[in-house]
Amino acid sequence: MPAQAYAGKECVCQLRRGICDQSCVQGMLDTPFYIACLRLSSRRCVVVGGGEIGLEKVEGLLACDADVTLIAPEAHEQLHGYADEGSIRWEQRPYGGAADLEGVFMVIAATNDTDVNIAVFDDAERRAMLVNIVDVPPLCNFILPAIVRSGPLAIAISTAGASPALAKRMKREIEAQFGEHYARLAVMLNDARGWAKATLPTYQDRKEFFEGIVGGTPDPIALLAAGEEQAVRDLIAAARDAHARQVASVQTTA
């Protein structure tokens, strides 16, 4: 939700203005965000709140192989299922304070209780943890962009909270443009990385090798779109042979 949507309504941030005056988000659109992809595999992550938004956040964390604990007195039916099958731990109770964040890497709160949200944020900030309070920008030290996923590809789209509607439109358009052919090429190029590291001696050699395939002729994406996967394999093999010959020639001359 854009921060501007709270203007004139009850304050839900740590400033406790009573009625939101937008003072907590002045300059928000000018904030430069450091974009990073986090490796969450086996890391402990907590979600506070068991409604539909809590379900969405739990599923996003599970998709990244996180070790997820849900803290909520009640939970969505699907969250019951995840707990029953052992995919998550469900502590069926209200948020209990700082002790709930001990040893935790990231916490996301999706509750409609301002006091709980502020408590989660304050407890996390004191531990220099990653914390996101859903739909309350000033109670976040990181944002969750819209994500387009296709195989190993992940494309993040953020409008810094200015317009989620625009981010959704961009997500649909990007999904249509960068789909399975790009994901398949990423897998095929990854298969060649071991050879490149072992054979091509410098970063520049490896850079030229992969850029020559991706940006060369014929276009590997066009080939994959036409169902010609073997042609792409042949393209990569030919590039490997050419670079191997080039390196051998340089070594012989030296």
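Preceding block: the structure.
1. Things to note about the sheet that holds strand β3 (residues 89-91)
- Strand order in the open sheet formed by 5 strands is β3-β2-β1-β4-β5, and the pairing between neighbours is parallel. Each having just a single partner strand, β3 and β5 (130-133) make up the two edges of the open sheet. Shown here is a sheet whose adjacent strand axes are inclined to one another by a mean of 15 degrees, direction ignored.
- Direction of pairing for strand β1 (residues 44-48) relative to strand β2 (residues 67-71): parallel, over a ladder of 5 bridges. Counterpart to Val46 in the pairing with β2 is Thr69.
- Where helix α3 (residues 114-126) meets the sheet, it contacts β1, β4 (106-109) and β5, and its direction lies at approximately 165 degrees from that of β5.

2. Digging into the pairing of strand β7 (residues 153-157)
- As defined by bridge partners, strand β6 (residues 146-150) adjoins β7 across 5 bridges and the pair is classed as antiparallel. The residue of β7 that forms the bridge with Ile147 is Ala156.
- In sequence, β6 turns back onto β7 through a hairpin of 2 residues, with Gly151 there showing a positive phi of about 55 degrees.

3. Some words on helix α5 (residues 180-191)
- Taking 1.5 Å per residue as the helical rise, α5 with its 12 residues ought to reach 16 Å, and the 17 Å between its terminal C-alpha atoms agrees with that figure.
- Of the residues making up α5, those classed as buried are Ala183, Leu185, Met188 and Leu189.

4. A word on the side chain of Thr69
- By secondary structure assignment, the location of Thr69 is in strand β2.
- Of note is the side chain of Thr69, whose polar atom sits 3.1 Å from the side chain of Arg89.
- Setting aside chain neighbours within four positions, we find Thr69 in contact with Cys45, Val46, Val47, Arg89 and Glu91.

5. Re the nonpolar core
- Core analysis: the largest hydrophobic core is formed by 20 residues, its most contacted members being Val58, Leu61, Leu70, Leu79, Ile88 and Met106.
- With 3 residues, helix α1 (residues 52-63) is the single largest residue contributor to this core.
- Those residues within four positions of Leu70 in sequence are excluded, and the remaining contacts are Val47, Gly49, Gly50, Ala75, Leu79, Ile88, Arg89, Trp90 and Glu91.

6. Things to note about the pattern of salt bridges
- Throughout the structure, instances matching the rule amount to 9 salt bridges.
- Linking Glu56 and Lys57 is a salt bridge whose minimum nitrogen-to-oxygen distance equals 3.4 Å.
- Close ionic contact of Arg184 with Glu229 constitutes a salt bridge, the shortest N to O distance being 3.0 Å. Of this pair, Arg184 sits in helix α5 while Glu229 sits in helix α9 (residues 229-253), and the two are 45 residues apart along the sequence.
- The class for Arg184 is partly exposed, based on a relative accessible area of 28%.
- Its relative accessible area of 28% is what places Glu229 among the partly exposed residues.
- Connected via shared salt-bridge partners are Glu91, Arg93 and Asp100.

What counts, and where the lines are drawn
- Position numbers for residues count from 1 along each chain, tracking the sequence in the order it is written.
- Confidence filtering applies because this is a predicted model: local features only for residues at pLDDT of at least 70, side-chain atom pairs given and counted only at 80 or more, and all residues used for totals across whole chains, interfaces and linings.
- Only hydrogens and water are removed before side-chain values are computed, so all heavy atoms of the structure are retained for them.
- For two strands to be treated as a pair, DSSP must find at least two bridges joining them.
- Going along the chain from the N terminus, every DSSP run of H or I of four or more residues is numbered as a helix, and every run of E of two or more is numbered as a strand.
- For helices, the fitted line uses only the C-alpha atoms of the stretch in contact; every axis is such a line through C-alpha atoms, and the angle between N-to-C directions lies from 0 to 180 degrees.
- It only takes one pair of heavy atoms within 4.5 Å for two residues to be counted as in contact.
- Residue count minus one, scaled by 1.5 Å, sets the expected span of a helix.
- Only protein chains enter the accessibility calculation, which uses a 1.4 Å probe; a residue whose area is less than 20% of its type maximum is buried, one above 50% is exposed, and one in between is partly exposed.
- The definition of a polar contact used here is a pair of N or O atoms within 3.5 Å, where within protein one atom must be able to donate a hydrogen and the other to accept one, and adjacent residues in sequence count solely through side-chain atom pairs.
- We call a set of buried residues a nonpolar core when its members are Ala, Val, Leu, Ile, Met, Phe, Trp, Tyr or Cys and they connect through side-chain atoms within 4.5 Å of each other.
- By salt bridge we mean one thing: a side-chain nitrogen of Lys or Arg within 4 Å of a carboxyl oxygen of Asp or Glu.

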